[in-house]
Amino acid sequence: MVGKFFQMMREDIASVFERDPAARSVFEILVAYPGLHAVWGHRIAHWLWGRGFKTLARWLSHVMRFLTGIEIHPGATIGRRFFIDHGMGVVIGETAEIGNDVTLYHGVTLGGTSLEKGKRHPTLEDHVVVGAGAKILGAITVGSGSRIGANAVVVKSVPPNSVVVGVPGQVVVRNRPQTAAPDLNHNVLPDTIGTTVAALIERVELLEKRLEEARQQVQPALIGSSDRLERLEAVLRSHVLEHPHLVPGNGKEHLRHTHLPHPDAFGMWHEEDFTI
């Protein structure tokens with residue numbers, strides 16, 4: 001047990017060098033990284049919790065919260081090489097589960113949304129990065145290799161290799177696999193709403209142009225022409241054929257335009273650009 005604990009400590013220190021360019025020495029990491037102190041304190045508290053010393057485990061968790069500003073319930077399950085950068089204000093609930101090589105920044109909450117005694121906190125799979133201030137709420141799963149943007153509020157499960165941004169969180173599924181290096185570019189995020197609005201503006205401008213062209217074609221037909229109604233009908237029919245999505249159907253399918261950026265039926269966006 002002791003040997004395994006110190007082995008995990010060595011892995012934790014190595015993960016700091018890998019993910020924080022500000023780290024300069026092992027001594028500095030040992031004395032000045034509250035995120036590591038909180039994780040190490042949690043491992044002891046979790047060991048006590050699993051052996052029935054629940055009050056003692058909660059007390060140790062409370063002490064570590066006082067010392068580090070990071071609150072981790074001793075019942076939470078945390079994997080190897082878990083790194084909390086800066087750390088102040090991080091809250092991890094009792095039934096939260098965290099995989100290996102996960103990174104959290106300050107102000108992150110892994111919170112519950114139920115009064116039931118069972119599973120009520122999130123599960124983060126391996127290689128997940130959660131940006132500062134993000135809130136992940138409920139018994140949902142964030143798939144491996146995903147990145148949660150700063151201040152995002154995540155209330156539904158996230159597929160692997162995805163990016164989440166906004167309130168409530170908009171899920172964008174990346175079409176290329178994540179690289180082996182830690183994905184710490186949590187400042188590079190898709191603007192799903194902005195992209196859609198820009199596309200809508202462009203579409204409206206195009207439609208206005210087409211309508212103006214149709215008006216110019218129809219106007220001469222309305223002046224002294226016996227077949228003006230036939231010409232008008234022909235112009236409108238041609239316009240409808242070019243833009244069939246403008247004609248309402250029996251359901252709501254006319255509201256979703258395949259030529260505009262939009263989430264799929266499950267609320268997931270899809271993005272070709274791996275820079276996100």
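Our structure is the block above this text.
Residues numbered from 1 in each chain as written. Predicted model: local features only at pLDDT ≥ 70, side-chain atom pairs only at ≥ 80, totals over all residues. Heavy atoms only, no water.

Novice: Residue-level account of a nonpolar patch on the surface, with values.
Specialist: A cluster of nonpolar side chains, contributed by F17, V26, F27, L30 and V31, occupies part of the molecular surface with about 460 Å² of accessible area. Inspection of the secondary structure assignment puts F27 in helix α2 (residues 26–32). (Patch = residues over 30% accessible without salt bridge, like charges linked within 9 Å, V, L, I, M, F, W, Y side chains within 5 Å. Areas by Shrake-Rupley, 256 points an atom, 1.4 Å probe, with all protein chains shown as cover. Salt bridge = Lys/Arg side-chain N within 4 Å of Asp/Glu carboxyl O. Helix = DSSP H or I, 4+ residues; strand = E, 2+ residues; numbered from the N terminus.)

Novice: Would you mind going over the packing of aromatic side chains in detail, with residue names and values included?
Specialist: How two aromatic rings sit relative to each other is given by the distance of their centres and the angle of their planes. Scanning all chains against the criterion turns up 1 aromatic pair. Here the aromatic rings of F5 and F6 are separated by 5.9 Å at their centres, their planes lie at 85°, and the arrangement is edge-to-face. (Phe/Tyr/Trp six-rings, centres within 6.5 Å; stacked < 30°, edge-to-face > 60°.)

Novice: Describe the layout of surface pockets, naming the residues involved and giving the relevant values.
Specialist: The computed volume of the largest pocket comes to approximately 300 Å³. It is helix α3 (residues 34–50) that provides the largest number of residues to the lining of the largest pocket, a total of 4 residues. For the lining of the largest pocket, the residue count by class is 5 nonpolar, 3 polar and 4 charged. Along the wall of the second largest pocket there are 16 residues; nearest its centre are R58, S61, E71, I72 and H73. The set of elements that each furnish at least two residues to the lining of the second largest pocket consists of α4 (54–68), β1 (71–72), β4 (91–92) and β7 (109–111). Among the elements that line the lining of the second largest pocket, the one with the most residues is α4, at 4 residues. Grouping the amino acids of the lining of the second largest pocket by side-chain chemistry returns 5 nonpolar, 7 polar and 4 charged. (1 Å grid on protein atoms, 1.4 Å probe; cavity = no way out; pocket = protein on both sides within 12 Å on 5 of 7 lines; lining within 4 Å. Points joined across faces, edges and corners; volume = space filled by probe spheres on them. Nonpolar A, V, L, I, M, F, W, Y, C, P; charged D, E, K, R; others polar.)

Novice: Give me the pairing of strand β14 (residues 162–165): which residues, what numbers.
Specialist: The side-chain alternation of β14 yields two buried faces, one formed by S162 and V164 and the other by V163 and V165. In this sheet, β14 lies alongside strand β12 (residues 147–148) in parallel orientation, the contact comprising 2 bridges. Its bridge partner lying in β14, R147 is registered against V163. Bridge count for β14 against strand β15 (residues 170–174) is 4 bridges, and the pairing is antiparallel. Bridge assignment links S162 to a residue of β15, and that residue is V173. What sits between β14 and β15 in their antiparallel hairpin is a turn of 4 residues, with G166 showing a positive phi close to 100°. (Buried < 20%, exposed > 50% of the residue type's maximum accessible area, 1.4 Å probe, protein only. Pairing = 2+ DSSP bridges.)

Novice: I'd like a rundown of the nonpolar core, residues and numbers included.
Specialist: Core analysis: the largest hydrophobic core is formed by 30 residues, its most contacted members being F82, I92, L104, L124, V130, I136 and I148. Going through the elements one at a time, α3 and β15 are the ones with two or more residues in this core. Ignoring anything within four residues of it in the chain, the contact list for L104 reads F82, F83, I84, D85, V90, I92, L124 and V130. In this structure, F5, V16, A23 and F83 belong to the second largest nonpolar core, which totals 10 residues. (Core = buried A, V, L, I, M, F, W, Y, C linked by side-chain atoms within 4.5 Å. Contact = heavy atoms within 4.5 Å.)

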